[in-house]
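Chains, contacts and geometry: an overview
One-letter residues, chain by chain:
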Amino acid sequence: MANNGVLPDEPHKSFDTILTLDFGSQYTHLITRRLRELNVYSEMLPCTQKIEDLSWKPKGIILSGGPYSVYDDDAPHVDPAIFELGVPILGICYGLQEIAWHNGKNVVAGTEREFGHSELKAKRFDGHVDLLFKDLEDDLKVWMSHGDKLAALPPSFHIIATTKNAPFAGIAHETKPVYGIQFHPEVTHTPRGIKLLENFAVGICKAKQDWTMDKFVDKELARIRALVGEKGQVLGAVSGGVDSTVAAKLMHEAIGDRFHAVLVDNGCMRLNECEQVKKTLTEHLGINLTVVDASDLFLDGLKGITDNPEAKRKFIGGTFIDVFEAEALKIEKAAADSPKAGKIEFFLQGTLYPDVIESISFKGPSQTIKTHHNVGGLPERMMNGQGLKLIEPLRELFKDEVREMGRKLGIPHDLIMRHPFPGPGIAIRVLGEVTREQVAIARKADYIFIEEIKAAGLYDQISQAFAALLPVKAVGVMGDKRVHQQVISLRAVQTTDFMTANIFRFDWDFLERVSTRIVNEVDGICRVEYDLTSKPPGTIEME
Ligand code: GLN
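The structure presented is a predicted model; accordingly, all values stated were derived computationally and were not measured. (Residues numbered from 1 in each chain as written. Predicted model: local features only at pLDDT ≥ 70, side-chain atom pairs only at ≥ 80, totals over all residues. Heavy atoms only, no water.)

**Quick notes on unusual backbone geometry**
With an omega of -15°, the peptide bond running from Lys535 to Pro536 counts as cis. Checked against the element boundaries, Pro536 lands in the segment after strand S20 (525-530). Between Pro536 and Pro537 the backbone carries a cis peptide bond, its omega angle lying at 10°. The backbone of Ser156 sits at a positive phi, close to 70°, despite the residue not being glycine. Note on Ser156: relative accessible area 39%, which makes it partly exposed. (Helix = DSSP H or I, 4+ residues; strand = E, 2+ residues; numbered from the N terminus. Buried < 20%, exposed > 50% of the residue type's maximum accessible area, 1.4 Å probe, protein only.)

**Points about the sheet that holds strand S13 (residues 259-265)**
Read from one edge of the open sheet, five strands run S14-S13-S12-S15-S16, paired in parallel fashion. Single-partner strands in this sheet number two, and they are strand S14 (289-293) and strand S16 (389-391). Strand-to-strand twist across the sheet, computed as the mean angle between neighbouring axes with direction ignored, equals 30°. Where strand S12 (residues 233-237) and S13 come together, four bridges link them in parallel fashion. Across the sheet, the residue bridging to Leu235 is His260, located in S13. In this fold helix H5 (residues 213-228) packs onto S12, strand S15 (344-348) and S16, with an angle of close to 165° to the strand it touches most, S16. Lying over the sheet, helix H7 (residues 273-284) contacts S13 and S14, oriented at roughly 165° with respect to S14. (Pairing = 2+ DSSP bridges. Axes fitted to C-alpha atoms, helices over the stretch in contact; angles between N-to-C directions. Contact = heavy atoms within 4.5 Å.)

**Topic: the environment of Leu85**
Within the secondary structure, Leu85 is located in the loop between strand S3 (60-63) and strand S4 (89-92). The exposure class assigned to Leu85 is partly exposed, which follows from its relative accessible area of 22%. Leave out the neighbours within four places in its chain, and Leu85 touches Ile51, Lys57, Pro58 and Ile61.

**Details of the site of the ligand**
What surrounds the ligand is the set Gly65, Gly66, Pro67, Tyr68, Cys93, Tyr94, Gln97, Ser145, His146, Gly147, Asp148 and His184. For the ligand, an oxygen atom lies 2.9 Å from a polar atom in the backbone of Gly66. Residue Asp148 places a main-chain N or O atom 2.9 Å away from an oxygen atom belonging to the ligand. A per-element tally of the shell around the ligand places strand S8 (residues 139-150) first, with four residues. A per-class count over the shell around the ligand returns four nonpolar, seven polar and one charged. (Near = heavy atom within 4 Å. Polar contact = N/O pair within 3.5 Å; in protein donor to acceptor, adjacent residues only side chain to side chain. Nonpolar A, V, L, I, M, F, W, Y, C, P; charged D, E, K, R; others polar.)

**What to know about the packing of H5 against helix H6 (residues 242-255)**
Across the interface, H5 lies against H6 with an axial gap of 9 Å and an inter-helix angle of 65°. When the axes of H5 and H6 are compared, the pair comes out roughly perpendicular. Crossing hand, H5 versus H6: right-handed. Residues Val217, Glu220, Leu221, Ile224, Arg225 and Val228 of H5 form the contact with H6, whose own contacting residues are Leu250, Met251, Glu253, Ala254 and Ile255. Each residue belonging to the contact of H5 with H6 can be placed in one class, and the counts come to eight nonpolar, no polar and three charged. (Parallel < 35°, antiparallel > 145°, perpendicular 65-115°, else oblique. Left-handed = near helix turned anticlockwise from the far one by under 90°.)

Now the structure itself:
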């Protein structure tokens with residue numbers, strides 16, 4: 001190996017890192033995000049993490065909230081070794097109760113549960129506020145969500161904050177940097193929570209605030225180069241979406257044309273999309289890209305799948321791997337024949353941190369915790385069959401961090417802010433049977449809708465928007481003639497995490513304008529509807 005077997009470090013080894021141990025709270029990932037907003041690197045691991053299995057030393061540890069009660073028989077408990085590590089610890093809600101549990105087990109079910117806003121009073125000692133509340137006002141608005149409480153102050157701790165219902169809303173060890181708080185500083189409902197997290201991470205743990213995208217990009221480029229070596233080749237699929245484009249551009253920066261990007265045209269991309277992606281990636285970003293036109297294969301195969309969205313998705317996913325694999329073999333052969341090149345050893349995947357979090361979040365004592373493997377649905381057959389190793393340069397990043405990286409790498413704004421587009425593309429926006437004619441109709445309508453959204457300056461306010469073609473016909477009258485034609489359904493949603501979504505509230509003039517244009521310009525359509533369903537109960541896509 002070109003790097004003599006010594007690989008540059010992963011972020012938790014090269015940046016001061018706060019380790020967040022997850023007890024299954026719905027907010028755990030927010031703790032990590034807030035710290036990174038403070039330019040402090042943070043990673044999350046399940047609460048069951050054994051300290052002796054950790055190959056790096058955190059600057060501090062945060063114990064998250066969680067839905068369990070520490071006194072239950074099957075409640076999760078942290079490896080007691082964290083208390084011997086000599087690094088500062090902050091317990092949040094369940095985390096506070098967990099600290100108390102390790103120090104006398106005095107936690108009970110409360111008579112009054114607290115959900116929502118509370119007024120917190122920070123306690124002063126000899127005129128000084130505890131380090132955790134440094135530079136914070138004495139009276140703070142905080143957000144609570146708990147039913148259990150500490151029955152007594154654990155030995156050697158003192159109280160650093162109280163609320164009306166929680167005499168132990170904040171506690172600190174008398175001599176060691178161990179803190180617990182009953183409220184959630186990571187949610188926006190605790191306006192000064194970010195300052196408190198800064199006090200912990202920077203003031204108490206002394207973590208450097210050096211998590212910046214410039215630094216990460218430099219380190220990641222060096223890491224990729226060392227990993228791949230001087231001759232190694234990397235293969236990757238691109239879709240024109242943000243993640244795969246940013247990952248591809250980073251690979252190109254790292255190893256140039258030894259990165260081979262493949263775009264599979266499945267015949268269900270948007271209007272002019274393939275040409276545009278090709279132009280941006282090759283001309284603008286300089287990426288070594290092969291476009292495989294497999295549209296006939298996909299569209300012929302989709303014939304006859306009328307009422308089974310899963311079958312559509314399965315067929316498209318499977319065919320994608322077939323096409324991609326065949327192309328990989330061709331590239332591999334060409335690469336092997338070239339004197340300066342080596343074998344394709346790696347497969348690039350644009351996995352993001354939320355996928356990683358999803359696969360490692362603590363799901364409870366009764367459920368097995370999923371492992372890191374197969375995050376994001378790899379073409380497993382390829383990986384195993386051809387012995388490709390996975391390379392995932394974005395797996396530590398949140399979406400907004402990926403966008404920031406994209407900007408640094410010179411990727412155009414339009415591409416960076418692009419709405420997500422599903423792998424099966426328009427095939428799952430043509431309800432019922434997918435035919436060339438149906439795809440063409442949906443494509444045109446979608447193009448008009450998105451064009452109008454952009455013209456109205458609304459694109460960046462909407463998280464995802466598209467037109468779908470419904471498999472029904474309705475009666476209309478056009479040019480005094482009765483027509484019997486299909487219906488387009490428009491959908492636009494706003495969401496931060498895509499787990500829940502609200503519909504976007506267009507004004508009527510806008511919707512009317514889009515409707516008129518679609519009926520006038522798209523043959524076969526005589527009606528346009530707007531989908532008013534939020535998620536849940538609807539999903540964002542129609543199939
Ligand atoms: N389940 C615990 C309680 O109800 C902790 C809750 C939490 O961490 N948000 O008090």
